[in-house]
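Each chain, letter by letter, is given below.
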Amino acid sequence: MAVRIQREPFDAGAEIERLTRGRTDVGAAVSFTGLCRADGETGTISAMELEHFPGMAEEELLRIEAEAHARWPLLGSLIVHRHGRLVPGDPIVLVVTLSAHRQAAFEAANFLMDYLKTSAPFWKKEDNVHGGEWVAAKASDDGARDRWTTKSG
Amino acid sequence: MKIRYFAWVRERVGRGEEEIALPETVKTVADVVAFLKTQGAEYETAFENEKIVRAALDRVHVKSDTPLANAGEIAFFPPMTGG
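Overview of the structure. The structure presented is a predicted model; accordingly, all values stated were derived computationally and were not measured.

Quick notes on the rules
- Residues numbered from 1 in each chain as written.
- Chains lettered and ligands numbered in written order.
- Predicted model: local features only at pLDDT ≥ 70, side-chain atom pairs only at ≥ 80, totals over all residues.
- Heavy atoms only, no water.
- Helix = DSSP H or I, 4+ residues; strand = E, 2+ residues; numbered from the N terminus.
- Buried < 20%, exposed > 50% of the residue type's maximum accessible area, 1.4 Å probe, protein only.
- Contact = heavy atoms within 4.5 Å.
- Lys, Arg positive; Asp, Glu negative; His and termini not counted.
- Charge placed at Lys NZ, Arg CZ, Asp CG, Glu CD.
- Pairing = 2+ DSSP bridges.
- Axes fitted to C-alpha atoms, helices over the stretch in contact; angles between N-to-C directions.
- Core = buried A, V, L, I, M, F, W, Y, C linked by side-chain atoms within 4.5 Å.

## Focus: the overall build of chain A
Argument step 1. A tally of helices and strands in chain A yields four helices and ten strands.
Argument step 2. In sequence order, chain A lays out its α and β elements as β-α-β-β-β-β-α-β-β-β-α-β-β-α.
Argument step 3. Projected onto the principal axes, the alpha-carbon positions of chain A cover approximately 50 × 35 × 30 Å.
Argument step 4. Relative to its 153 residues, chain A shows a buried fraction of 46%.
Argument step 5. Within chain A, residue pairs in contact and separated by at least 24 positions form 77% of the contacts whose partners lie at least 6 positions apart.
Argument step 6. Averaging the locations of the 18 positively and 23 negatively charged side chains of chain A gives two centres separated by 3 Å.

This is the structure in structure tokens:
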């Protein structure tokens, strides 16, 4: 289990390679990369500022990650989340999960993203034609998270 | 008690954190909000729709009826939009 919060970009391929190098027990490595879109939540955007709550962000991601490990037989995991100024095309978040068989890794990666979006303390402010505008939370994200509480992992 | 604000709650209050001596009658997260709303227009604006604003005690999410107990820090922020 590992969590990193950083301003710098990340290299998803290099992270997966580092996590799986030398291991012979891992049969599945699933990764999700979230990217900054020009077609933002508030309109067409030129950039976004990602604010976070230092300390709590790391701790909350570790809590979510521990929950995923409790629900699925994972052999490893990594969450990388960026903060600061990002422009369309930039990677924002990386989730990698490792397991012996693919289903656990797929489901756990999905779970991690659903929980991360609604409980990790990050906030996006998008630069659009009106200036800076805070992104509003979406009910569909709460719905995506809540489906995990009615379904056993 | 140390009070921290993030995102638009921070912008409306006008600062990221402050130390406030809370009266003894302030026992829960909701009590803190009610007290802050008596302290100036910036707090009234930040908490005008107080059901939307989330809180964390010592960096753990809590509901508004949670007792402060011995927490050293409380944070207020909008619903999260990371990922």
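## As for the sheet that holds strand S6 (residues 74–82) of chain A
Residues and elements named next belong to chain A.
Argument step 1. Sheet architecture is open: four strands sit in the order S1-S6-S8-S2, paired in mixed fashion. Each end of this open sheet is capped by a strand with a single partner; those strands are strand S1 (3–6) and strand S2 (28–35). The sheet shows a mean angle of 10° between the axes of neighbouring strands, taken without regard to direction.
Argument step 2. For S6 and strand S8 (residues 91–99), the ladder comprises seven bridges, and the chain directions are antiparallel. Residue pairing for S8: Ser 77 is matched across the bridge by Thr 97.
Argument step 3. The strands touched by helix H1 (residues 12–20) are S1, S2, S6 and S8; relative to S8, the strand with the most contacts, the crossing angle is about 25°.
Argument step 4. Sheet strands in contact with helix H2 (residues 56–71) are S1 and S6, and its direction is about 155° off that of S6.

## As for the nonpolar core
Argument step 1. Of all hydrophobic cores here, the largest spans 33 residues; its most connected members are B:Tyr5, B:Leu36, B:Phe47, B:Ile74, B:Phe76 and B:Phe77.
Argument step 2. Elements with a contribution of two residues or more to this core: strand S1 (2–5), helix H1 (7–13), helix H2 (29–36), helix H3 (41–46), strand S3 (54–57) and strand S5 (73–77) of chain B.
Argument step 3. At five residues, the largest contribution of residues to this core is made by H2(B).
Argument step 4. Not counting the four nearest positions on each side in its chain, B:Leu36 is found in contact with B:Ile3, B:Tyr5, B:Ile20, B:Tyr43, B:Phe47 and B:Phe76.
Argument step 5. Formed by 31 residues, the second largest nonpolar core is a distinct cluster that contains A:Val30, A:Ile64, A:Tyr115 and A:Phe122.

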